[in-house]
Structure formats: structure tokens, C-alpha cells
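As a plain string of letters, each chain reads:
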Amino acid sequence: MIPELRRRFNAGFTREKYVDMLRRAQVASGPIHFRQCETPLFIERSLVAKMVEYGAELIHQSVANPKSAEAVPDKYNVPGEPDHPMFVQVDFGLTADLQPKLVEIQAFPSLYGFQPVVAQAYREAYGLDGSPQSLLIEDYWDLLAKAIVGNWAPHEVALVEIDPYYQKTVADFLITARRLGIRIVDIREIRRFGRKLFGPDGPIERIYNRAIADELDRRGVELQFDLREPVEVEWAGHPNWYFRISKFSIPFLNHPSVPRTQFLDQVSRIPDDLERWVLKPLYSFAGLGVSVGPTRKQVEQVSDPSQWILQERIDFAPLVETPHGPTQAEIRIMYIWLEQLQAVTTIVRMGRGKMMGVDHNRGMEWVGGSVAFWPE
């Protein structure tokens, strides 16, 4: 993507530098339970700017869609919903002519703590010169603290998840908690007394929510408080927006970056060329349930078509040259929305499988999570 930087990196790569990069990241994060790619992505700033612009347009369209309120299930309809989400991510793949095409949009926090740390580990371990940039704003940590902690003392704020210390993303949780001084609390340990919520070590005034509703359902988690009842707590990332901006949003979007997408229950005729389509559940993480090039039987056997979409498959180009062959890169633009919507950094996923998730690239090298760098 920046050929000279790619050639220089590949020529100077050693296994020892890669191990050093992982070591440096783990000093700050503890064990990393998802694969980090051997290489960062070197990309032109103008292409990043284009994805930032496209992402903002898609987010504003999604927020303006009145139908999105219908996506919130009654049992997860939390009071006090604000008029826009706080954390939003938009994922793009690139075609051969470097056109960004939408893969995913979600209003839910991602690896906001982990990404700046691993970017610094790449910089130091590989001796990347020229001050390559990976952040889209200068006051990143100040803005993240303002979003997550708000006006509360850090110890009054809880990062909430199911079994947080056993999640693949625990490295991000630990960095966030240490950097901002907040607590990590298992959502099953939260109790309600009157109109207040309490964790094991005291009252919770503000929740940085990392608990995913479909995982609560899948694991049969029973909470000790009712999400639907009004309580005196602030949400850093209100749960309703997880549903309102998601795969549910994609069929309503009108944008050159968006592939043809329909709710499955609105598909009048199953396409003959299903190898050119992707079947996706509306609410899932890490590619769970997604079928690339599904069979007719798979499509017909979906029990509730209203909860699935059929999306045109885009030919994302393998644009990153590696010692193991050309590799695709999926770029996630990460936003924080307080007074205004701001793009703050990126996540990159490298892959050569049908999908970009780690589970679809097992046994491969030069794949996995990464960061984007662009010249200053």
C-alpha cells in the first residue's frame, strides 16, 4: 500500500523482532489471547481520511434511521438512552482499486485501550523511523478518559463484562483499568439496592459496558438486577445502541461503500449464485454464525429470517505483500462521540482465509490483529 515501506519492513523482519514486539505489548497488557500479526499495515493518510469520512457518513445515516429503535429487544431496553452512541466502529475492506467497502458497523466499544499500546510496541521493536502515526487525534488518552470516566472519580467507574478475566480481550480490559484507574467487575456480581448499583467493592456510578447481549443469552447468564428498571447510573456506551447500530443498520444505508444487503425475510428469491453472497446473523461477534458462500439448504434452514441478512460478497484484494503470500487487510475506524463524532484510531485484521477473524486463519503466519501506520 506504501510499497517502499513494505519492502523495507519485509527485508528487515526477523523472528526475534516479532517476539520482542509481543513481549513489549505484554509488559503493559499481560498475556494476549488473540494472535497479533507479524507486521503493521502501512497505508497512505489520504486513504485513511477517506475511510474516516465514509464511516462518519454511515454513522450519521444510522443514527438518523427511526427504524433502528425497533431493533432493541424489550428485555434489553435500558432506560436513559442518549440521542447518539458514544463508541462506534466501522470496518472496511479494500478492493483492488483501493475503494473502501463496508464490512461491519457497530456501536459498541472495541480495543480502545490495547491499540495505542500495541502500536508503540510495533514502533519500538521494529525501530520504525519517520514517526509513523497510528492515532487520529493528539489528546487520545484524555478523550478516552473523558468518555469512560466522565465527571466521576475513577474508582466509581466499572468496566463491566461477563467473566472479564477469562475473555480473549482481557488485555484491553487490564490496560484500560490501569491507565484510567477504574475497576473491572463481572456483570453477574452487580446487585441493586434501592436505585443504586453495587459491585463487590462498592457502589457503581458509571458503567463502561463491555458485556454483549447475545453472549448473555447464549450462556444463559442471569443478572441480579433488571436492566429495564431505572437506576441511578451513567452508561459510558449505552447498551441500546449495540442493537440500533449493527448489521441491522446495513440494509437501510445508502452509500457507495455499502454492498447490496437485505434482511433475509425480505428476500423474495434466493439467489442462484450464493457463492457471491454472505449470510450473517444480526447480532454476533467474532464472525460467529457467519457463512461465506452459504448453501441453499443453509439459507432455507434459518429459523428466524428476520434476524439475518444476506449481503453481497465483495472481492477484497490481497494488497499486503508478505513472505507467505499476498494478504488482505480489514481496517476498523474507531470513533468516540461526545460533543462531536471523532475518529480516534484504527484496528487492522490481516488474513488469507475466507474471513478475517482468527478462527478462520488458524495455522497461518503473518495474519491476525494489527495496527495501521501512515507517514506524519
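Refer to the structure presented above.
Now for a quick tour of the structure. What you are looking at is a predicted structure, and each value in this text was computed from that prediction instead of being measured.

## Structural notes on the sheet that holds strand β14 (residues 308-312)
Then comes step 1: The strand order across the open sheet built from four strands is β11-β14-β12-β13, with neighbouring strands paired in antiparallel fashion. In this open sheet, the two edge strands, each paired with only one partner strand, are β11 (261-263) and β13 (291-292).
Then comes step 2: Bridging between β11 and β14 involves three bridges; their strand directions are antiparallel. The partner of Q262 across the bridge, within β14, is L310.

## Remarks on the sheet that holds strand β9 (residues 206-209)
Then comes step 1: Judged by pairing direction, the sheet is parallel, and its four strands sit side by side in the order β5-β4-β9-β10 without closing on themselves. The two strands at the open ends of the sheet, each matched to only one other strand, are β5 (183-186) and β10 (234-236). Averaged over all pairs of adjacent strands, the angle between strand axes in this sheet comes to 35 degrees, irrespective of strand direction.
Then comes step 2: Bridge count for strand β4 (residues 157-161) against β5 is four bridges, and the pairing is parallel. Pairing of A158 across the sheet is with R183, part of β5.
Then comes step 3: Strands in contact with helix α5 (residues 140-149) are β4, β9 and β10; relative to β9, the strand with the most contacts, it is inclined by about 115 degrees.

## Overview of the pairing of strand β16 (residues 341-351)
Then comes step 1: Most of β16 sits inside the fold, with nine of its eleven residues counted as buried.
Then comes step 2: Two strands pair when backbone bridges link them, and strand β15 (residues 328-337) and β16 are joined in this way by ten bridges, in the antiparallel orientation. The residue of β16 that forms the bridge with I333 is T346.
Then comes step 3: Where β15 folds back onto β16 in an antiparallel hairpin, the turn is made up of three residues.

## Thoughts on α5
Then comes step 1: The element α5 is extensively covered by neighbouring structure, given that seven of its ten residues are classed as buried.
Then comes step 2: Looking only at α5, the buried set comprises Y140, W141, L143, L144, A147, I148 and V149.
Then comes step 3: Count one or two residues on from α5 and you reach G150, which has phi positive near 65 degrees.

## Brief notes about the nonpolar core
Then comes step 1: Of all hydrophobic cores here, the largest spans 118 residues; its most connected members are I59, F87, Y112, I148, Y335 and I336.
Then comes step 2: Apart from residues no more than four positions distant in its own chain, Y112 is found in contact with F87, V88, Q89, Y140, W141, L144, D172, Y208, M334, Y335, I336 and V344.
Then comes step 3: Among the nonpolar cores identified, the runner-up in size contains nine residues, and I270, L274, V302 and L310 belong to it.

## Thoughts on the environment of E229
Then comes step 1: Along the chain, E229 falls in the loop between α7 (213-218) and β10.
Then comes step 2: For E229, a relative accessible area of 35% translates into the label partly exposed.
Then comes step 3: In this structure, the C-alpha to C-alpha distance between E229 and K17, residues 212 residues apart in sequence, is 52 Å.
Then comes step 4: Sequence-distant contacts of E229, that is, excluding residues within four places in its chain, are made with P79 and R192.
Then comes step 5: Here the side chain of E229 touches R192 through a polar contact of 2.4 Å, side chain to side chain.

## Focus on unusual backbone geometry
Generally, phi is negative for residues other than glycine and the peptide bonds are trans, each holding for most cases.
Then comes step 1: For L98, which is not glycine, the phi torsion reads 60 degrees and is therefore positive.
Then comes step 2: Mapped onto the elements of the fold, L98 is located in the loop between β2 (87-94) and β3 (100-106).
Then comes step 3: The phi dihedral of W366 is positive, around 60 degrees, even though this residue is not glycine.
Then comes step 4: Examined against the element boundaries, W366 turns out to sit in the loop between β16 and β17 (368-370).

## Comments concerning the packing of aromatic side chains
Then comes step 1: Enumeration according to the criterion identifies 20 aromatic pairs in this entry.
Then comes step 2: Where F9 meets F13, the ring centres are 6.3 Å apart and the plane angle is 40 degrees; that geometry is what we call tilted. For the pair shown, F9 and F13 are each scored as buried.
Then comes step 3: Ring pairs connect the aromatic residues F9, F13, F42, Y122, Y126 and W366, which therefore count as one cluster.

## Thoughts on the side chain of R210
Then comes step 1: Tracing the backbone shows R210 in the loop between β9 and α7.
Then comes step 2: Within the structure, the side chain of R210 is placed 2.7 Å from the side chain of D172, a separation counted as a polar contact.
Then comes step 3: Ignoring sequence-local partners within four residues, the contact set of R210 consists of F108, P109, S110, L111, L159, V160, E161, D172 and F173.

Definitions and limits used
- Residues numbered from 1 in each chain as written.
- Predicted model: local features only at pLDDT ≥ 70, side-chain atom pairs only at ≥ 80, totals over all residues.
- Heavy atoms only, no water.
- Pairing = 2+ DSSP bridges.
- Helix = DSSP H or I, 4+ residues; strand = E, 2+ residues; numbered from the N terminus.
- Axes fitted to C-alpha atoms, helices over the stretch in contact; angles between N-to-C directions.
- Contact = heavy atoms within 4.5 Å.
- Buried < 20%, exposed > 50% of the residue type's maximum accessible area, 1.4 Å probe, protein only.
- Core = buried A, V, L, I, M, F, W, Y, C linked by side-chain atoms within 4.5 Å.
- Polar contact = N/O pair within 3.5 Å; in protein donor to acceptor, adjacent residues only side chain to side chain.
- Phe/Tyr/Trp six-rings, centres within 6.5 Å; stacked < 30°, edge-to-face > 60°.

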